[in-house]
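# Reading the structure
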Amino acid sequence: MIWASVLLRSRVLLASVGLSLLACRRAPPEPVPPSAGPTARSAQANAALTRYRPELNTLTGRLVEAVRASALREHGDDAGGPFVGQNPTRLNVCDLASVDIVAVQVNQRWHVAAVEPTRIALGIEGAERVYQLREEQQRAMSASEMAQCFGALMYYPYRVFDGQRWSDLPQGTSGETLGTGETPTLAPRPQGGRDVTFGYYIPNGQAGAGPHLAHVRVTDSRMLIDQAPNPERR
């Protein structure tokens, strides 16, 4: 009797283990959460950065000093002066949390810079800095984004066409009614790099008035080269 009881218990235990194993085999696998792709991760990283948007008046002095230093490097004692800044304006382009794009009138001429907490880059150097940061974040810029961003840093206050609309003018100024402009294009170069072209417009009454075509070379080493410098805006 004792052996029969032990044998019965063993059979019950084996049956129980077998059922448990069968249930485990039939249980659906745990869902695996989808991994974020490079673009999603880069967008999340950019959003996580501290947004750098200080008061405009506090940036005016920094931008004026950068303009002054640039003029001294280029012209030496003939740089002129004094350098007075006014009408600081924030331009909502380039889509970078860590960089503020600011325009300031210095001695009646507009200058635009990519401003960071510890550095400031004017004009095409600012556009180059933004492009490099976007590349580091794996957030490639489209032709339209390049037109908006490069156009603001290189051509403001002239209006730039991004493929759908013309950029805004400085506050308090009125412009001509414009039709469709040159659609931005981004094409590979046979020698390497890419070319971006887009349209901008100089208003009537100013030197070089009318539509123009910007042409910027984007090198494989992440440099920007102005292929169509316009003396009228220098």
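Each residue is numbered by its place in its chain's sequence as written, counting from 1. Reporting in this predicted model follows two pLDDT cut-offs: at least 70 for local features of residues, and 80 or more for side-chain atom pairs to be given and counted; totals over whole chains, interfaces and linings ignore these cut-offs and use all residues. Only hydrogens and water are set aside; all other atoms, that is, all heavy atoms of the structure, feed into the side-chain values.

### Points about helix H3 (residues 56-75)
Numbered from the N terminus, helices here are DSSP runs of H or I no shorter than four residues, and strands are runs of E no shorter than two. Each residue after the first adds 1.5 Å to the expected span of a helix. Its 20 residues give H3 an end-to-end C-alpha distance of 28 Å, which sits within 8% of 28 Å, the value for a rise of 1.5 Å per residue. Exposure categories follow from relative accessible area, calculated using a 1.4 Å probe and restricted to protein chains: below 20% of the type maximum is buried, above 50% is exposed, and the middle band is partly exposed. Of all the residues in H3, the buried ones are Leu 59, Thr 60, Leu 63, Val 64, Ala 66, Val 67 and Ala 71. For H3, the arc enclosing every buried residue in end-on projection is 165°, short of the 170-degree limit, so these residues lie on one face. Opposite the packed face of H3, turned more than 90 degrees from it, sit the exposed residues Thr 58 and Arg 73. Contacts were defined at the residue level, with two residues in contact if any of their heavy atoms lie within 4.5 Å. Structurally, H3 contributes buried residues whose contacts are with strand S1 (85-90), strand S2 (100-106), strand S3 (109-115) and strand S4 (120-122). Looking one or two residues past H3, Gly 76 carries a phi angle of roughly 65°, positive in sign. Here, the arc refers to the directions that run from the helix axis to the C-beta atoms.

### A closer look at the environment of Arg 53
Along the polypeptide, Arg 53 turns up in the loop between helix H2 (38-48) and H3. Each C-alpha atom of the pair Arg 53 and Val 102 lies 9.9 Å from the other, and the pair is 49 residues apart in sequence. Excluding residues within four positions of it along the chain, Arg 53 makes contact with Arg 90, Leu 96, Ala 97, Val 99 and Asp 100. Contacts described as polar in this section are N or O atom pairs within 3.5 Å, which, within protein, must combine one atom able to donate a hydrogen with one able to accept it, while residues neighboring in sequence count only if both atoms come from side chains. Within the structure, the side chain of Arg 53 is placed 2.9 Å from the backbone oxygen of Val 99, a separation counted as a polar contact.

### Notes on unusual backbone geometry
Residue Pro 157 follows Tyr 156 across a cis peptide bond; omega there is 15°. Of note in this structure, Asn 107 is not a glycine but carries a positive phi near 55°. For Asn 107, a relative accessible area of 40% puts it in the partly exposed group. At Gln 108, a position not held by glycine, the phi torsion is positive, near 75°. Turning to its location among the elements, Gln 108 is positioned in the loop between S2 and S3. Taking the relative accessible area as the measure of exposure, Gln 108 reaches 60% and is therefore exposed.

### Details of the packing of helix H4 (residues 123-136) against helix H5 (residues 143-155)
Packed helices, taken two at a time, are described by the angle their axes make and the gap between the axes. To get an axis, fit a line to the C-alpha atoms, keeping to the stretch in contact for a helix; angles then go from 0 to 180 degrees between the N-to-C directions. Where H4 meets H5, the closest approach of the two axes is 7 Å, and the angle between their N-to-C directions is 145°. Contacts from Gly 123, Ile 124, Gly 126, Ala 127, Val 130, Tyr 131 and Arg 134 of H4 reach H5 at Glu 145, Met 146, Cys 149, Phe 150, Leu 153 and Met 154. Classes in brief: Ala, Val, Leu, Ile, Met, Phe, Trp, Tyr, Cys and Pro nonpolar; Asp, Glu, Lys and Arg charged; the others, Gly included, polar. Among the residues making up the contact of H4 with H5, the classes are represented as nine nonpolar, two polar and two charged.

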